[in-house]
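Analysis of the macromolecular model
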Amino acid sequence: MVVDFRRVRGDPPHLNINGSAVEIVQSTKFLSIHITENLTWSLNTSSIAKKTQQRLYFLRRLRKPHLPPPILTMFYRGTVESILSSCIIAWFGNSNASDRKTLQRIVRTTEEIIEVSLPSVTDIHTTRCTRKARSIMKDPTHPSHGLFSLLPSGRRWDYSPLLNGLCLVCPMLYKGPVMMEVSGSLGETVSMSCSPQTVCALRESVVKLMCSYSGTVNPQQSFWFSQKQSANWRNEDDPEDLALDSDYAGRVSSNHTGFGSTLTITDLRETDSGDYHLMIITGGGEKDYSSAVRLTVSDLQVTMSRVTQTELRTTCSTSCSVTPEPSYLWYKDGRYVEGSTRQRFLFSSSVPYSVSCSAATHSSEVRSSSVCVFGEDCWNVSYSDRRLCVLEGSSVDVLCIYSHPSTHTVTEVFWYYSDPNGKLKDLKVEERFAGRVEFLGDKKGNCSLRMRDVRKSDSGEYRFRFITKTAGGEFSGTPGVVLKVTDLQVRASPSSPPEGQTVTLTCTSTCTLPNNPTYIWYKNGEPVTNKPTKSNKLYLESASSEELHQYSCALGDRGQNDTTATPTPTTPSYTTLNPNTGRQHSDVVKLVAVAVSVPLTVILVTGSVWMCFVIKRKRTAGGGVDVQASKPGDDTYTALNPVTMSSDYDTLT
């Protein structure tokens, strides 16, 4: 194989070894890597994709008998990820965008099969390069050790040869978070370290990620970010504060001190899995960030293995090792089983019942979904989502199914919430829910609920309960569904921008709204179309404090285009944000849109008078126009089948 990048390529000379001519080929395979004469990696990518697709077939077959995600993940790492990562530091950095999308598509397909968040191919490459770089720095005999020369201080490394493009093996290495000690402006230095670097946490729990820094530099600003959220940034190479991301709204907070920072994420979900970094901005505007803290969020599941015909060994399993190790409890038909404090427990019976487990750490307790054992007819209530975030004034459907022994007949069903005294409050007879709740289920297994015109006071935990004819035939679905009702507010960062500085306005909520809603911005009641936006953020190149108060935001209609959707904006509110501390100021300026409301009222009155005049003329002319008013009982929701509703109804309408 001849590699020749000259503009004018001549015929290569003939090469003979022991009288035999050496054949010239366009590609060759070395250590499982396909190398081509033009040094591109499309052929190598195609080979890897073909191998992994063959193995994904077996992964799909393993999924059919409902094997638990930890086993499927182990199979993926051993048969698919091992192929994706084979010699990845030698070729991935020089692959083109099309090849990377092809490989990442394999990872996304696997995530859909096993329903677990997995590290991207870029994350795998960064991790391998980081590991290799540290190994080279520790090995003076390595040929590339000279690329990591010590500075005169003897404490820090000079990475300039790599930054100048001398590293051909890992050209993407220092786009990743490898530098542990860096040089700032005016001779300032800062050393950053994060511990632990790998964290496993349970879904719906709370996690704290910590990084510390030391040195002579005094950071002017610091925030946390995650590269996996780059699609929500204005510039994918310029990280933005995680606290401004709509995917983490109401769930993240950071505590910055003079020597470090702690990121707290609540109500964890599996999509939160990924790498997190602490960004520090010095007085000179230079940006440095820490090494990655890898977070893996695992669901809690009950796995079973049959011991005998009447005995089952159950395990409260996770896809990673939770640290610190939680304490476990087991439940039978929703009731705590005495003495069940271990991760594994032996159940025995000849009749069906439901089993669930919980894992408790110092910060929270997480409960698994219930599963039926020794049969399918057991006492159980299953909610499609146990955490719901809804915009104030909208509607929400709580999807739910239930089961019971076939010998029982259901006589009464209702939803309730618990008051501070522990009394069960049936929503149907509560005055504050009058006309706003509708039971969509039946007495055969569907227990879905609809709530209209939700209010902030509706926030809380709701549970479904059913009663049968048989004595003792009562069951409640615990834990229930936690509903959070939020409004929208506008935050500005920085709060007092100097002239000419870019200002970021963020449309925030107190909880994370589902299904990636569309955000629409307004200035003095008119849609903003000439300013750059990204997700829930609006970017202003320059704006005064007075001008910032003229902006408001709203959620758009998912069934319309962003440019044509014209929902009524929420009552505009403005909250300033301190960029140094990330803390919200207490002063909230409520904007009273008098200049917009008065002309709007005049237009509506004029339009109504004109419509009455037109209708009267048509009737006089004998047109016989019938104007039918909608009946008070009509509701567009009644045409929907609750059984076939998708999760989109968990958001607002």
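Our subject in this report is the structure included herewith.

Reading guide: rules and limits
- Residues numbered from 1 in each chain as written.
- Predicted model: local features only at pLDDT ≥ 70, side-chain atom pairs only at ≥ 80, totals over all residues.
- Heavy atoms only, no water.
- Phe/Tyr/Trp six-rings, centres within 6.5 Å; stacked < 30°, edge-to-face > 60°.
- Buried < 20%, exposed > 50% of the residue type's maximum accessible area, 1.4 Å probe, protein only.
- Helix = DSSP H or I, 4+ residues; strand = E, 2+ residues; numbered from the N terminus.
- Lys NZ or Arg CZ within 6 Å of the ring centre and 35° of its normal.
- Salt bridge = Lys/Arg side-chain N within 4 Å of Asp/Glu carboxyl O.
- Polar contact = N/O pair within 3.5 Å; in protein donor to acceptor, adjacent residues only side chain to side chain.
- Contact = heavy atoms within 4.5 Å.

**Some details on the packing of aromatic side chains**
Applying the stated criterion across every chain yields a total of 23 aromatic pairs. Between Y57 and F58, the aromatic rings sit 5.4 Å apart at their centres with planes inclined by 75°, giving edge-to-face as the arrangement. With relative accessibility at 48%, the residue F58 sits in the partly exposed group. Between the aromatic rings of W379 and F466, the centroid separation amounts to 5.7 Å while the plane-to-plane angle is 20°, which identifies the pairing as stacked. Taken as a pair, W379 in the loop between β24 (371-373) and β25 (380-383) and F466 in strand β33 (residues 460-468) lie far apart in primary sequence, 87 residues in all. W379 sits in the buried class, given a relative accessible area of 13%. Residue classification places F466 among the buried residues on the basis of a relative accessible area of 0%. Each member of the aromatic cluster is reached from another via a ring pair, and the members are W379, Y383, Y402, W415, F439, F464, F466 and F475. Over the ring of Y417 we find R432, and its NZ or CZ is 5.0 Å from the ring centre.

**A word on the pattern of salt bridges**
By the definition in use, this model includes 22 salt bridges. The partner of E204 in a salt bridge is R203, and the shortest N-O contact between them spans 2.8 Å. Residue classification places R203 among the buried positions, given a relative accessible area of 17%. A salt bridge links D458 to R436, with the shortest nitrogen-to-oxygen separation between them at 2.9 Å.

**As for the side chain of R465**
As for its placement among the helices and strands, R465 is situated in strand β33. Note on R465: relative accessible area 16%, which makes it buried. Reaching out from R465, the side chain makes a polar contact with the side chain of E474 at a distance of 2.6 Å. Those residues in contact with R465, other than ones at most four positions away along the chain, are E412, V413, F414, Y416, L424, E474, F475 and S476.

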